[in-house]
Structure formats: structure tokens, C-alpha cells
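An overview of the molecular structure
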Amino acid sequence: MQITDLNGARDIGANCLLAEIGPFRILFDCGLHPKKLGRNALPQLDRVRGFSVDFVVLSHCHLDHAGGLPVLLREHPQTRVLCSPASRIVAARILRNSIGVMMRQRDELRIGEYPLYTYSELDAVEAALTPLPLGAPKTFHENGDEITFTLYPAGHVAGAVGCMVEYRRRKIFFTGDVCFHDQETVPGAAFPQGKVDTLIMETTRGAAEVDDVSREDEVRRLVADAAGTLSGGGSVLVPAFAFGRMQELIHIFCRAKKDGRIPAETPVFCTGLGLDLADYFDAMARKTGDVKFHRSLMKDLGVRALREFEEPGVDVPEQGIYLLSSGMLVEHTPAWRVAANMLGYAHNLVAFVGYCDPDTPGGRLLTRTNVDELRFADMNFISRVLATVSRYDLSGHAPRERLMDYAFSVEPRVAVLTHGDPPAREWFEEEFAISLPKTKTVNLEPGVPAEI
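Right, let's walk through the structure included here.

The rules we used
- Residues numbered from 1 in each chain as written.
- Predicted model: local features only at pLDDT ≥ 70, side-chain atom pairs only at ≥ 80, totals over all residues.
- Heavy atoms only, no water.
- Pairing = 2+ DSSP bridges.
- Helix = DSSP H or I, 4+ residues; strand = E, 2+ residues; numbered from the N terminus.
- Contact = heavy atoms within 4.5 Å.
- Axes fitted to C-alpha atoms, helices over the stretch in contact; angles between N-to-C directions.
- Right-handed = clockwise from strand over helix to strand, strands pointing away.
- Disulfide = S-S within 2.5 Å.
- Buried < 20%, exposed > 50% of the residue type's maximum accessible area, 1.4 Å probe, protein only.
- Expected span 1.5 Å × (residues − 1).

Across the sheet, 7 strands lie side by side as 6-5-4-3-2-1-22; this open sheet has mixed pairing. Since the sheet does not close on itself, it has two edges, and those belong to strand 6 (129-131) and strand 22 (450-451), each with one partner. Along the sheet, helix 3 (residues 85-109) contacts strand 5 (80-83) and strand 6; its crossing angle with strand 6, the most-contacted strand, is approximately 155°.

In C-alpha cells:
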């Protein structure tokens, strides 16, 4: 077997691994890099130009894993995209929103090659999506040979899966992004046990030491800090990923209102894709049974659409909770715009609830003190950072120790490290060398094939 990382760097970016197993060519995911623009955001798809791609295993529908699918399928229209039933429901909607974002960036940033794909090309994506029941092996026959795929719940977000690939008695397990503990909308991962030959695993939190604080404690702290901010006359900005994290926060704040920890009359403002996806989560809950969400939560929480933005530096006109995308406070997003209003006022709270890449505005903001400034270049504005900025560990990624626990349980001959920055991968390399010395660890070099 040969594996090539088609992401352009050792980071969390345009996630896409090419696995050549016997006569089969398989891509694990095909995403867009969140910190790059134009065609530079795509994986190195020229590596498969002129060759057939038999399958794409879509681990889940975050854009860093799914955003490049329409471009791939333009050149490989016969490729089958294997996914969970829940991902089949929501994939095209998320890609459609991406087109709208690219069109705005084309106009605002003058990126002439945007959008990278069109609305009509999403029909090809929907036709290629091949949902597999979770836990049920599916064997495909090609040219007298066969290969078997089995999808398992990965817990990370609605529809997320890991995938076991079996070929001639060889077992390769791809974790995708994984979360082993239960979240509000999805249960934790239920991965297969027993030895595997090759384990391809994410390493997102490899550089993060885990403390003794539980997820439940972090939820209680978030709600208590939000309530304290509101009682002090301030507002709360919660930057959240539109797909997954926003729906989880809707659950959390709805329960907090019902039990009186947050005043029932507190308005909660949302906008854009996160609002729209509530209906898709409702459909996934009804049709697949592995997602916990009902659209009535929106009414119970009193969600209101955010329709206008104040001028930068002017505090928000109505006190409340602003639950807005994006989770890393990326430029040109609703959370970014509202941050320009709220950061300059000490009575406000900005609450990060997930991973923030250090190079994103959210990541930079989390390292600043209250006397620092944040530049909003697209608005020609600089804000002092007077609001409280806090992080709450509600990550949808497993801590490094829990991933190693799983590695111990399957005792791979080879562990392939992916989806992590260099310090995260280095921790796993060192840990494997100490704890599983018989396992060969492969830290893929971008674009360089590795024989496994």
C-alpha cells in the first residue's frame, strides 16, 4: 500500500489522503484549506490527474474535509463518494453555502478564480454520494478484485465516521476527526476493536495537555460566565462553527434557560448557515436516528436572526447572546463583524468554545491581554481588547491520551499521522516510540508517497 498526503503542508488544512491499495485508488476526504484563498486552498489534485479515483471516503462535512469534492468530481465524474446517511443529507447544503462565501470573497478581495465550482456542479456531488449503513460492511468488485469498507460513528459532528478498509486480509482503519465522549447532538465514537495493520489517525490536539476539568464542568462554567456577563449589563459573543458546534450550543443555552441559569427573556441572535442547518439536523435526527436535535429548540431558545451590523467600535444595540459563525473568528464572518462592536467594552464576554488555529484571529486573540488591540483591516478599524476573552473546552476532537488509548487497543503495525500541526504530530511520534515501540510511525511528508 502507498499513501500520499495531498494537503500542501503538515497542518490542519485541505485534508486529503491518497491511498493506493492493490488496484484501487482511494481518497480519504477532499477538503479546502481554511487559511488559503483561490486554488491554493485545494489539495494537490494534480497528483490524481490522468488517473482514475475509485472512491472517496468522506469522513464528515466540515469544509476542510469536504470542500474540494466538486472540483475533484469535475475531473473524476465516475468516482463514488462513500459517506454516512447523515452526511448524505447535509453535504450539498454546506457546499452551496461555500459557493456564496467564495462569491463574496471574489468581490471583496478581488479573487477572480472564485467560485471554484458552481451551483450546477453540486448535482454531480449529490449523484456521487453513496451512503453506507453504519457498521455494515460493503464490498465492491472491480476488475476481478474486491475491497470492503465499513463505516463507524466517529462522534466528532453529525454524520462523522471512521472507516475500516479490508483488502486481502489487510485491515486499514482511518479515524477521521474523532470525539470519544458524548456531545449534545451526537454520541461519542464507537470504533471497532481488535488488531489492525495500519491506523491512520488525526492528531489535532497532540500539543495540548489535558487537565482534570470535565466537559460538564466547562459547560457549567460557560453558562455561569454568560449569566454573570448578562447580569452586569454586557453581552456574550460565542463564535461557533455553523455545522455542529452551533447546534450544540443551542442545546446548552436552551437547557440553561429552562432551568433558570440564564434569564428566559434573554435574546439569542444567530444568522446565516447555522440557522439554516437546524432544519437539516432535524431531518438527520428523524431519518438516521444517530443525531439528537429538533427544530423546536430554536423556538424554545427564542432565537432571533441578526439582520444588521453596527458600525465598528459601537457596542451592540441590544443586550443578549450572539451565537455566530465562525468558530475561529475568521475575517468577513458574522462573529468577526460583531467582535468589532463588542471587544472595546469591558462589560462584554467573547467565549471561544472549540479549537482555534493559532494563525487565525481567534487564535491570536486568545493569546492577547486586555490592553492589546485587534486590527480589523477589512473595516479599516482597530479595537482595544477590553472585553473578557475566555476559552471553554468543548472541542469535538479527542484529547491525545484518548487517541493513544485507542491505538493501544488495536496495536497497529503502522500508525500514519495526519490532520495536525507539527508539534501535535511530534508528540504522537514520541509517544508511539515510548509506549508502542513495535509500531512504525509515519509522519507523512506533503506530496511524497510513503510505502506502508
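In this sheet, strand 18 (residues 381-384) lies alongside strand 17 (residues 373-376) in antiparallel orientation, the contact comprising 4 bridges. Across the sheet, the residue bridging to Glu373 is Arg384, located in strand 18. If you look at the hairpin formed by strand 17 and strand 18, you'll find 4 residues sitting between the two strands, and Asn380 has a positive phi there, around 55°.

By the bridge criterion, 4 bridges tie strand 20 (residues 414-418) to strand 21 (residues 440-443) in an arrangement that is parallel. Bridge pairing in strand 21 places Val416 opposite Val442. A crossover links strand 20 with its parallel partner strand 21, the connecting element being helix 12 (residues 422-435), and its sense is right-handed.

In this structure the tally under the stated criterion is 0 disulfides. Here Cys61 is not disulfide-linked; the sulfur of Cys83 is the nearest cysteine sulfur, at 7.1 Å. Judged by relative accessible area, which is 2%, Cys61 ranks as buried. Looking at Cys254, it has no disulfide partner, and the nearest cysteine sulfur is the one in Cys270, 12 Å off.

Whenever strands of a sheet pair, they do so through backbone hydrogen bonds, lying parallel or antiparallel. Taken in spatial order, the 7 strands make up an open sheet running 7-8-9-10-11-20-21, and their pairing is mixed. The sheet is open, and its two borders are formed by strand 7 (138-142) and strand 21, each paired with just one other strand. Averaged over all adjacent pairs, the angle separating strand axes in this sheet is 20°, with direction ignored. Along the sheet, helix 11 (residues 400-410) makes contact with strand 10 (170-174) and strand 11 (198-202), crossing strand 11 at roughly 175°. Sheet strands touched by helix 12: strand 11, strand 20 and strand 21. Its angle to strand 20, the strand with the most contacts, is close to 165°.

It is worth spelling out helix 6 (residues 245-258) at this point. The end-to-end C-alpha distance of helix 6 is 20 Å, a good match for the 20 Å that 14 residues give at a rise of 1.5 Å each. Along helix 6, 12 of the 14 residues are buried, which leaves the element largely enclosed by surrounding structure. Of the positions making up helix 6, those classed as buried are Arg245, Met246, Gln247, Glu248, Leu249, Ile250, His251, Ile252, Phe253, Cys254, Ala256 and Lys257. Close packing links the buried residues of helix 6 with helix 5 (215-231), strand 12 (236-239), strand 13 (268-270), helix 7 (273-288), helix 8 (296-301) and strand 15 (321-324). A positive backbone phi angle near 85° is found at Gly260, which sits one or two residues after helix 6.

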